[in-house]
Amino acid sequence: MRHRHLPTLALALGIAVLLDVLRVWLPSVITLFGRAAETPAELLGAFALGWFLLALAAPTLVRRVGAAPVGLVAAGVLAAARLALTAQPGGPAQLWLACAGLLAGLVWLTATAASVPRPVTGLALGLAGNAVGHALLGTEDLVWRGGIAAWTLSALLVVTFLAAYATGRTAAAGEPSPTGEGVAAATSGRTRTPGRRSWLLCGPALLLAGQVALAPALWSAAAGTGSPGFPGLARPGSGALPGALAVLLFLAAALFRAPARPARVLWPAALLAGSVLFVTGHLVAAYLLTAAGLGGCLALTDAAAGDDRAAGTDGDGRAGARRGRAAALGMLVFAVATVAYYAAYDLGYPNWWAPVATAVLVALVAAGAPRQADPVLPVPVRVTVLAGLTALAGLGAALHVPPAPARPATAPAAVRVAAYNIRMGFGLDGRLDLDALARELRGADVVLLSEVDRGWWLNGGHDTLALLARRLEMPYVFAPAADPVWGDAVLSRFPVRSGQTRRLTAHGAPTGAQVLGVTLDLGGRELAVVATHLQPPPGRDPVEQAREVAAFAGRYAGGRPLVLGGDLNTEPADPAFAEFTRAGLVDALAPARPLRTSPADDPRTQIDHVFVSPGLTAGAVRAPRTEASDHLPVTLTVTLP
């Protein structure tokens, strides 16, 4: 009995390890297998879903071989893959290591489900603990960091996980065999299989937590909102309290029981409201409500039938098989909802329904669950864990704040400008390498970024913009394009005085686009900067969007000196390019043309551009060779009149 809580600890640690692997596997599928839209979206989705479909065979394997041997082998492979990924192999090795780790994690989850009928506490602690660690690391996981510290902490995590799992299995094997009454309670019908509902919600909970509720990058992105008239301006130090509150609400709802009748209405309603607020862009309210609702819905499913210990040791029986199938199906829901949401930006269908439908599924399963059992952990332990993880979440959010602007003593005669499509921070080798990006941008006064990710779960849930801004020590302004946390940004060493953003009409393009204008104070003089990323309709030049951007830039500048740039997805001889010159703007890169910028390993096209207003002079134009993204950056010096 002294080992009775080891399965809960092992499950929490295993969930944390599996999430670490998922944060590598998801972007590897996009950047390495998909090669950033070079692979058809349908084939990419089939590849991703195939691993989860393959895992549906795991319950049969567990039933025939046994939960203990299958679980131990799968846990070992999961741990080995997690450690191997810390070596940052990049390329095909990274993709296939992540695939092996994912499949092993799914099999381990199925084997664990067969023998653990009360998973809610372990799931909640694993989700919250991984989110807190992600926040403390500034959303840049140990897997991407390398070095002694990363190896030490990674090894400590996987060794502790393996030790807890193996010891828990050994302790369970030494317990008395289940009584006939316990087995009957555990196997007398589908509705009385303890833990089946909880395990079914494991996959949907991973998605809603990683995408919304327990996503530190989302906390950071939501905190980086300025006044209602200027929504993209970063504000230092405003994300600590809401981020800690999200963890507090989630754990309090998951670990402490609310009165049954109000809880069956309150928690599903909060979860549904949070998912709707997320897809409408109200981020702070979205993740707070989703956190509370998700934790509460998990708690509603924490029910036991008959002898809990007996049900737990019946890993090879019908109850264990049902729980294993439920876990595998739940993870398939995770995969389908994830692919459905993000594939929309390649295929062009509405995707708001994916997180909302996932929340509806969780709410329905939770609302129909039988009476809750008493919590697994004693009250002092729950209170300690709740307080500790909440405090660490607040600390993590407070440690990583946007840099403050430095006001120039005198107006500069020239401004160094860079424009770069950073592909969410992933290089051609599939690695998240913000240091490589920073090396190419260091020394610039103004940086215009395209494909900026501030928490897409598909890309691992990193706040790429905040991570890059801290390396460059430059404040930033962000403008959403595809959804609330993916778009374009401007970083500047000069204070930002005002700004405006506007969505562009799609004109048949599947991915959303916007145009962002900011006004910089150059020590008594003002410079208007406009950043965008045009999205061409299939087989067409983005003429209409280019016309919208050129018109917006002219109105926004209002006679002030202007710099406009970004990934415009058009070449100098194309009609869309002519829209900018027709509006009176000057091609700042003309002295260095042809200046090919894509793809980075074999540049053939000129699609990244910078324009300036008449009177500004461009010089020192370069497109330095690097594989830190699939585009090359363009850098230049703009001399003011």
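Located above this text is the structure these notes cover.
Residues numbered from 1 in each chain as written. Predicted model: local features only at pLDDT ≥ 70, side-chain atom pairs only at ≥ 80, totals over all residues. Heavy atoms only, no water.

Draft legend 1. Representation of the packing of aromatic side chains in the model. Scanning the entire structure with this criterion turns up 20 aromatic pairs. The interplanar angle of 65° and the centroid separation of 5.7 Å between the aromatic rings of Trp 25 and Phe 52 together place this pair among those described as edge-to-face. Remark: Phe 52 occurs in helix H2 (residues 41-54) and Trp 25 occurs in helix H1 (residues 6-33); sequence separation between them is 27 residues. Judged by its relative accessible area of 2%, Phe 52 is buried. Through a chain of ring-to-ring contacts, the aromatic side chains of Tyr 341, Tyr 342, Tyr 345, Trp 456 and Trp 486 assemble into a single cluster. Lying across the ring of Phe 478, Arg 454 places its NZ or CZ 5.5 Å from the centre. Just above the ring of Tyr 556 sits the side chain of Arg 560; from NZ or CZ to the centre is 5.3 Å. (Phe/Tyr/Trp six-rings, centres within 6.5 Å; stacked < 30°, edge-to-face > 60°. Helix = DSSP H or I, 4+ residues; strand = E, 2+ residues; numbered from the N terminus. Buried < 20%, exposed > 50% of the residue type's maximum accessible area, 1.4 Å probe, protein only. Lys NZ or Arg CZ within 6 Å of the ring centre and 35° of its normal.)

Draft legend 2. Broad picture of the packing of helix H11 (residues 202-213) against helix H17 (residues 318-347). The interhelical angle for the contact between H11 and H17, taken along N-to-C directions, is 40°, at an axis separation of 6 Å. Judged by the inter-axis angle, H11 sits oblique to H17. Mapping the contact onto sequence places Cys 202, Gly 203, Pro 204, Leu 206, Leu 207 and Gln 211 in H11 and Gly 330, Met 331, Val 333, Phe 334, Ala 337, Thr 338, Tyr 341 and Tyr 342 in H17. (Axes fitted to C-alpha atoms, helices over the stretch in contact; angles between N-to-C directions. Parallel < 35°, antiparallel > 145°, perpendicular 65-115°, else oblique. Contact = heavy atoms within 4.5 Å.)

Draft legend 3. Geometry of the packing of H11 against helix H15 (residues 283-300). Orientation of H11 relative to H15, taken along the N-to-C sense of each, is 160°, at an axis distance of 9 Å. It follows that H11 is roughly antiparallel to H15 by the angle criterion. H11 and H15 meet at a crossing whose hand is left-handed. Taking contact as the criterion, the partners of Ala 205, Leu 208, Ala 209, Val 212 and Ala 213 in H11 are, on H15, Ala 286, Tyr 287, Thr 290, Ala 291, Leu 294 and Leu 298. (Left-handed = near helix turned anticlockwise from the far one by under 90°.)

Draft legend 4. Seen up close, the nonpolar core. Core analysis: the largest hydrophobic core is formed by 151 residues, its most contacted members being Trp 25, Phe 250, Leu 251 and Leu 449. Broken down by element, the residue count for this core peaks at 17 residues, all from H1. When near neighbours in sequence (up to four residues on either side) are disregarded, Trp 25 contacts Ala 48, Trp 51, Phe 52, Ala 98, Cys 99 and Leu 102. Judged by nonpolar contacts, the second largest core, of 30 residues, contains Leu 448, Leu 522, Val 529 and Val 621. (Core = buried A, V, L, I, M, F, W, Y, C linked by side-chain atoms within 4.5 Å.)

Draft legend 5. Summary view of helix H14 (residues 260-279). Under the 1.5 Å per step criterion, the end-to-end length of H14 is 29 Å for 20 residues, consistent within 8% with the ideal 28 Å. Positive phi shows up at Gly 281, right after H14, with a value of about 90°. (Expected span 1.5 Å × (residues − 1).)

Draft legend 6. Focus on the pattern of salt bridges. For the structure on display, the rule yields 18 salt bridges. A salt bridge links Arg 431 to Asp 429; its shortest N-O distance comes to 3.8 Å. Look at Asp 429 and you get partly exposed, because its relative accessible area is 33%. The salt bridge partner of Arg 604 is Asp 602, with a shortest N-O separation of 3.1 Å. Classification of Arg 604 as exposed rests on a relative accessible area of 52%. On the accessibility criterion, Asp 602 (40% relative accessible area) is partly exposed. Each of Glu 140, Arg 145, Asp 435 and Arg 471 takes part in a single network of salt bridges with overlapping partners. (Salt bridge = Lys/Arg side-chain N within 4 Å of Asp/Glu carboxyl O.)

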